[in-house]
Amino acid sequence: MSSGIFDVNEYSITIEEAANTVKAKLLKYEQLRKPRVMIICGSGLGGIVNILQEPRIELRYEEIPGFKSSTVSGHAGKLVFGLIGDNKVPVMCMVGRLHFYEGYTFQETTFPIRLAKAIDIETVVVTNAAGGVNSDFKVGDLMLINDHINFPGFAGFNALRGPNLVEYGPRFLPLSDAYDFDLRRLFFKSKKKLGIDRTVHEGVYFFAAGPTYESRAEVRMIRTLGGDAVGMSTVPEVVVARHSQLKVLALSLITNVGVGEKPPSALDESPVRLDEGMANHEEVLEAANEASKDVQKIFEATINQL
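Small disclaimer: the values here were computed from a predicted structure and weren't measured.

Thoughts on the overall build of the chain
Reasoning step 1: Within the chain, the regular secondary structure consists of eight helices and nine strands.
Reasoning step 2: Taken over the C-alpha trace, the chain has a radius of gyration of 19 Å; the compact-globule value for 306 residues is 19 Å, and the two agree within 12%.
Reasoning step 3: Of the accessible surface of the chain, which amounts to about 14,400 Å², a share of 50% is contributed by carbon and sulfur atoms.

Here we look at the side chain of Asn-128
Reasoning step 1: Note that Asn-128 resides in strand E5 (residues 123-132).
Reasoning step 2: In terms of polar contacts, Asn-128 uses its side chain to reach the side chain of Thr-234, at 2.8 Å.
Reasoning step 3: Excluding residues that lie within four positions of it along the chain, Asn-128 makes contacts with Gly-42, Leu-45, Arg-97, Ile-145, Tyr-205, Ser-233, Thr-234, Leu-251, Ser-252 and Leu-253.

Brief notes about the state of the cysteines
Reasoning step 1: Under the defined criterion, the tally for this structure stands at zero disulfides.
Reasoning step 2: Residue Cys-41 stays outside any disulfide, its sulfur separated by 3.4 Å from that of Cys-93, the closest cysteine.
Reasoning step 3: Note on Cys-41: relative accessible area 1%, which makes it buried.
Reasoning step 4: Cys-93 gets classed as buried once you look at its relative accessible area, which sits at 0%.

Here's the deal with the UniProt feature "binding site: phosphate" (unreviewed entry) in the chain
Reasoning step 1: Using the residue numbers shown here, the UniProt feature "binding site: phosphate" (unreviewed entry) corresponds to Ser-43, His-75, Arg-97, Leu-98, His-99, Ala-129 and Ser-233.
Reasoning step 2: Residue position: Ala-129 is located in strand E5.
Reasoning step 3: Inspection of the secondary structure assignment puts Ser-233 in the loop between strand E8 (229-231) and helix H7 (235-243).
Reasoning step 4: Look past the residues within four positions of Ser-233 in its chain and what remains in contact with it is Arg-97, His-99, Asn-128, Tyr-205 and Phe-207.

A short note on the pattern of salt bridges
Reasoning step 1: A full pass over the atoms with the stated rule returns seven salt bridges.
Reasoning step 2: Across the pair Asp-294 and Arg-198 runs a salt bridge whose closest N-O atoms are separated by 2.8 Å. Here Asp-294, found in helix H8 (residues 281-303), pairs with Arg-198, found in the loop between helix H5 (181-194) and strand E7 (200-207); they are 96 residues apart in sequence, far enough to count as distant.
Reasoning step 3: According to the relative accessible area criterion, Asp-294 is buried, its value standing at 16%.

With respect to the nonpolar core
Reasoning step 1: Counting 55 residues, the largest nonpolar core has Met-38, Leu-79 and Phe-81 as its most contacted members.
Reasoning step 2: A per-element tally of this core places helix H1 (residues 8-26) first, with six residues.
Reasoning step 3: Counting residues in each nonpolar core, the second largest holds 29 residues, with Cys-93, Leu-144, Ile-196 and Ile-298 among its members.

Reading the values: rules and limits
Here the residue index of a chain counts from 1 through its sequence in written order. With pLDDT at 70 or above as the cut-off, local features in this predicted model cover only qualifying residues; side-chain atom pairs require 80 or more to be listed or tallied, and sums for whole chains, interfaces and linings still use all residues. By convention in this description, side-chain values take in all heavy atoms of the structure and omit both hydrogens and water. Secondary structure elements are taken from DSSP: a helix is a run of H or I of four residues or more, a strand is a run of E of two residues or more, and numbering for both begins at the N terminus. This radius of gyration counts C-alpha atoms alone. The globule rule is 2.2 Å times how many residues there are, raised to the power 0.38. Here, Shrake-Rupley sampling with a 1.4 Å probe gives the accessible areas, and only protein chains in the shown set may cover a residue. Polar contacts, as counted here, are pairs of nitrogen or oxygen atoms within 3.5 Å of one another; within protein the pair requires one atom able to donate a hydrogen and one able to accept it, and residues that are adjacent in sequence qualify only if both atoms are side-chain atoms. Only heavy atoms enter the contact rule, under which two residues are in contact if any of them lie within 4.5 Å. Disulfide assignment relies on a single distance test, namely cysteine sulfur atoms paired within 2.5 Å. Only protein chains enter the calculation, and the probe is 1.4 Å; a residue is then buried if its accessible area is under 20% of its type maximum, exposed if over 50%, and partly exposed in between. UniProt positions are given in the numbering used here, feature names are shortened, and annotations may be inferred rather than shown by experiment. When a carboxyl oxygen of Asp or Glu lies within 4 Å of a side-chain nitrogen of Lys or Arg, that pair is called a salt bridge. Within this scheme, the nonpolar core is defined by two criteria: the residues are buried Ala, Val, Leu, Ile, Met, Phe, Trp, Tyr or Cys, and they are joined through side-chain atoms within 4.5 Å.

Spelled out as structure tokens, the structure:
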């Protein structure tokens, strides 16, 4: 577990090296030299990269100073640069994120956000696969995040723990406006204009460190605390994005529904299925694949207006 202490000067130098590496790669493509939007693809949502138009450039994480490798199935581990929409908006798409549960520090998992700021990106679009906790949510629904609960943060595991990078943002960061209202409104307008009938909620994302899915008691607790969906990512990235003065649009795809009923009693002689509704990673990816086309269309229409 990280102590939260790291060398600020060394970290800043590595960010600069990463930025220079990316800028050098983009130099020969005038349309891509100044990406405006960063898209982070969650589990099963790597297909978002398919909406990127030519010219396209790919950079493996291993080619970029400071980047760690993604170890999760379904996460390709590369940056893809390209254009979106009729307005040819230049974007940087992160196909495969990094997680705290992989053993990385928060400085390592959020390094791509610092890179985005260093190359003058203005907006971060974050996606994830999440478990539905709100009883109204169904598999395949979408949820625009309008607030979050940083549960590891209560125990001191915050993405800003340790020395503050003063050149990026303040020591004490307000998060009451973390999820940009205008971007959320633009997303809903784009969905309506496209005539897509997939259900989109707004709600609170509960960040749990993972990698285990939640127990029944934990699902009930999250529901009681006000969480609508739960996942193992996003919040550290959002915290660092806001610290870096970037606007944030965040979307959860509900890929499974949390099991919150109490477990069957061993005193009950009637047969009960113990595994009903329990999540697994393969089902998460399958549900994400089914909804990804709608997500791609809405994002293309939304980002085209940025």
